[in-house]
Amino acid sequence: MPSYKLYYFNGRGRAEVARLIFAAAGEKYEDVRYERDQWPAHKAEMPLGQMPVLEVDGVKLPQSLSIARFLAKQFHLAGKDNFEQAQVDAVVDTIYDCLTKYVPIRFETDEAKKEELTKKFLAEELPKHLQNFETLGKLYGKGGHFFVGKQLTWADLLFFDVGAIILQVDSNAFNNHAWLKQNRAEVEKQPKIAEYLKNRPQTQF
Amino acid sequence: MATYKLYYFNGRGRAEVSRMIFAAAGEKYEDIRYEQDKWPEHKSEMPLGQMPVLEFNGTKLPQSVSIARFLAKQFQLAGKDSFEQAQVDAVVDTINDCVTKYVPIRREEDEAKKEELTKKFLAEELPKHLQNFETLAKLYSKGGHFFVGNQLTWADLLFYDVGAIILQVDSNAFNNHAWLKDNRAEVEKQPKIAEYLKSRPNTPF
């Protein structure tokens with residue numbers, strides 16, 4: 001039984017999908033959270049000077065998506081064969097493409113500029129991404145509620161997490177996307193996930 | 001008998017790592033290349049209107065990194081167990097972080113601006129990434145020439161391909177990075193890869 005330690009800031013951010021995977025699988029880990037002022041003292045301990053990092057039996061692994069994919073495979077939440085795993089990976093990449101477009105806007109410090117960029121993102125960029133998510137859900141979902149192969153995978157958990165961020169920006173974002181709404185509802189009602197969502201720390205990000 | 005079709009433009013670009021995986025494994029596939037003027041009529045055939053796309057036994061898979069990871073797993077070039085595969089994934093993500101920083105610069109149309117951004121990238125950005133690559137190799141390579149586990153994986157093939165682009169921009173880029181130079185030399189001398197590099201089409205990108 002490997003021992004797992006997850007290192008991140010005290011927030012959801014790029015570590016939350018890994019925490020959702022642990023929760024969905026009912027698996028234990030040490031959830032190490034560094035406050036901003038503690039981080040400089042630990043930066044040099046991380047392979048690339050960044051977090052999240054997963055430590056597995058003492059060996060450190062950086063890169064949030066690689067961490068999540070590894071955990072998903074350990075706990076049978078990655079897809080049931082190589083090709084389904086590839087479909088899950090493709091959905092993850094497509095969700096990540098959307099996030100990559102949004103992150104610079106979220107970090108814009110000029111408030112007026114941020115509001116303008118956000119409006120533009122919601123009107124011109126987000127719809128294309130949402131359409132892409134539904135396209136892949138249709139292609140790989142086998143008619144079910146989950147993105148790939150009629151079972152919960154980490155693609156659904158990632159979309160749940162990223163979807164929460166999108167809804168924070170625009171609570172109406174999924175009004176014309178019933179399948180995406182339904183997908184998140186299915187994730188939310190998985191008993192272990194419902195329990196986790198109820199108990200997880202409330203943090204700013 | 002599994003069938004593989006790879007769809008891309010007539011160039012290396014985001015498809016080349018997959019072509020190298022097929023070559024390293026000695027596996028057959030249909031290498032479909034659309035010239036720029038042919039692409040518009042095929043765009044709607046691709047799930048996300050983009051390429052590369054892999055068609056595996058008749059089902060299409062988008063996203064270049066997911067395609068490559070799938071092929072590597074099919075042909076035992078992905079890492080020998082789940083944790084080694086995660087290490088390979090982390091190296092790939094770290095290489096892609098560098099590519100992501102460089103791509104907008106490569107696409108800059110204002111020649112003077114492009115030259116300035118490129119100089120800045122080479123002086124300030126690239127060194128950090130090269131250091132990161134060596135850090136991960138030290139951590140995962142078990143003292144050998146390859147990034148992970150003393151054997152060739154698709155992380156080495158990706159670094160070979162991206163390395164070629166870096167060297168095009170600055171032929172001295174690896175002068176202070178003996179391990180990285182050596183890693184590419186090891187990839188180059190694998191017989192199937194040497195053969196492939198000799199006979200692949202010469203294209204502008």
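Residues numbered from 1 in each chain as written. Chains lettered and ligands numbered in written order. Predicted model: local features only at pLDDT ≥ 70, side-chain atom pairs only at ≥ 80, totals over all residues. Heavy atoms only, no water.

Peer 1: Help me understand the packing of aromatic side chains, please; the structure alone is not making it clear to me.
Peer 2: Geometry of an aromatic ring pair is reported as the spacing of the ring centres plus the angle between the planes. Tallied over the full model, the rule gives 29 aromatic pairs over all chains. Ring plane angle 70° and centroid distance 5.6 Å describe the contact between A:Phe133 and A:Phe159, whose orientation is recorded as edge-to-face. Pair noted here: A:Phe133 is in helix 5 (residues 111-140) and A:Phe159 is in helix 6 (residues 154-169), with a separation of 26 residues, a long-range link. Residues A:Phe133 and A:Phe159 agree in their burial class; the two are buried. Ring centres of B:Tyr4 and B:Phe75 lie 5.5 Å apart, and the angle between their planes is 65°; on these two criteria the pair is classed as edge-to-face. With B:Tyr4 in strand 1 (residues 4-9) and B:Phe75 in the loop between helix 3 (64-74) and helix 4 (82-107), this residue pair connects regions lying 71 residues apart in the sequence. Across from the ring centre of A:Phe160, 4.2 Å away, lies the NZ or CZ of A:Arg184, which sits over that ring. (Phe/Tyr/Trp six-rings, centres within 6.5 Å; stacked < 30°, edge-to-face > 60°. Helix = DSSP H or I, 4+ residues; strand = E, 2+ residues; numbered from the N terminus. Buried < 20%, exposed > 50% of the residue type's maximum accessible area, 1.4 Å probe, protein only. Lys NZ or Arg CZ within 6 Å of the ring centre and 35° of its normal.)

Peer 1: Is there a simple way to think about the UniProt feature "domain: GST N-terminal" (unreviewed entry) in chain B in this case?
Peer 2: Under the UniProt annotation, "domain: GST N-terminal" (unreviewed entry) lies at residues 2-79 of chain B. A helix fraction of 32% and a strand fraction of 24% characterise residues 2-79 of chain B, whose end C-alpha atoms lie 21 Å from each other. (UniProt positions renumbered as here; feature names shortened; annotations may be inferred.)

Peer 1: What should I look at first to understand unusual backbone geometry in this one?
Peer 2: Negative phi characterises most residues that are not glycine, and trans characterises most peptide bonds. In this chain, A:Met51 is followed by A:Pro52 through a cis amide linkage whose omega measures 10°. Turning to its location among the elements, A:Pro52 is positioned in the loop between helix 2 (39-42) and strand 3 (53-56). Residue B:Pro52 follows B:Met51 across a cis peptide bond; omega there is 5°. Its place among the elements puts B:Pro52 in the loop between helix 2 (39-42) and strand 3 (53-56). The phi torsion at B:Asn57 lies on the positive side, around 45°, for a residue other than glycine. Relative accessible area serves as the criterion here: at 44%, B:Asn57 is assigned to the partly exposed category. With a phi angle near 80°, B:Gln63 is a residue other than glycine that sits in the positive phi range. If you trace the backbone, B:Gln63 turns up in the loop between strand 4 (59-62) and helix 3.

Peer 1: How do you make sense of helix 3 of chain B when you look at a structure like this?
Peer 2: All names here are of chain B. For helix 3, the tally of buried residues reaches 9 of 11 residues, placing the bulk of the element in the interior. Among the residues making up helix 3, those that are buried are Ser64, Ser66, Ile67, Ala68, Arg69, Phe70, Leu71, Ala72 and Lys73. Gln76, located one to two residues past helix 3, shows a positive phi value of around 55°.

Peer 1: So what exactly am I meant to see when it comes to the sheet that holds strand 2 (residues 30-34) of chain A here?
Peer 2: Working definition: the strands of a sheet are paired by backbone hydrogen bonds and lie parallel or antiparallel to each other. Within the open sheet, the 4 strands sit side by side as 2-1-3-4 (chain A). Their pairing is mixed. For this open sheet the edge positions go to strand 2 and strand 4 (59-62) of chain A, each flanked by a neighbour on one side alone. Recorded for the sheet is a direction-independent mean angle of 20° between the axes of neighbouring strands. In this sheet, strand 3 of chain A lies alongside strand 1 (residues 4-9) of chain A in antiparallel orientation, the contact comprising 4 bridges. Bridge pairing in strand 3 of chain A links A:Tyr7 to A:Val53. Sheet contacts for helix 4 of chain B: strand 3 and strand 4 of chain A; angle to strand 4 of chain A, the most-contacted strand, approximately 45°. (Pairing = 2+ DSSP bridges. Axes fitted to C-alpha atoms, helices over the stretch in contact; angles between N-to-C directions. Contact = heavy atoms within 4.5 Å.)

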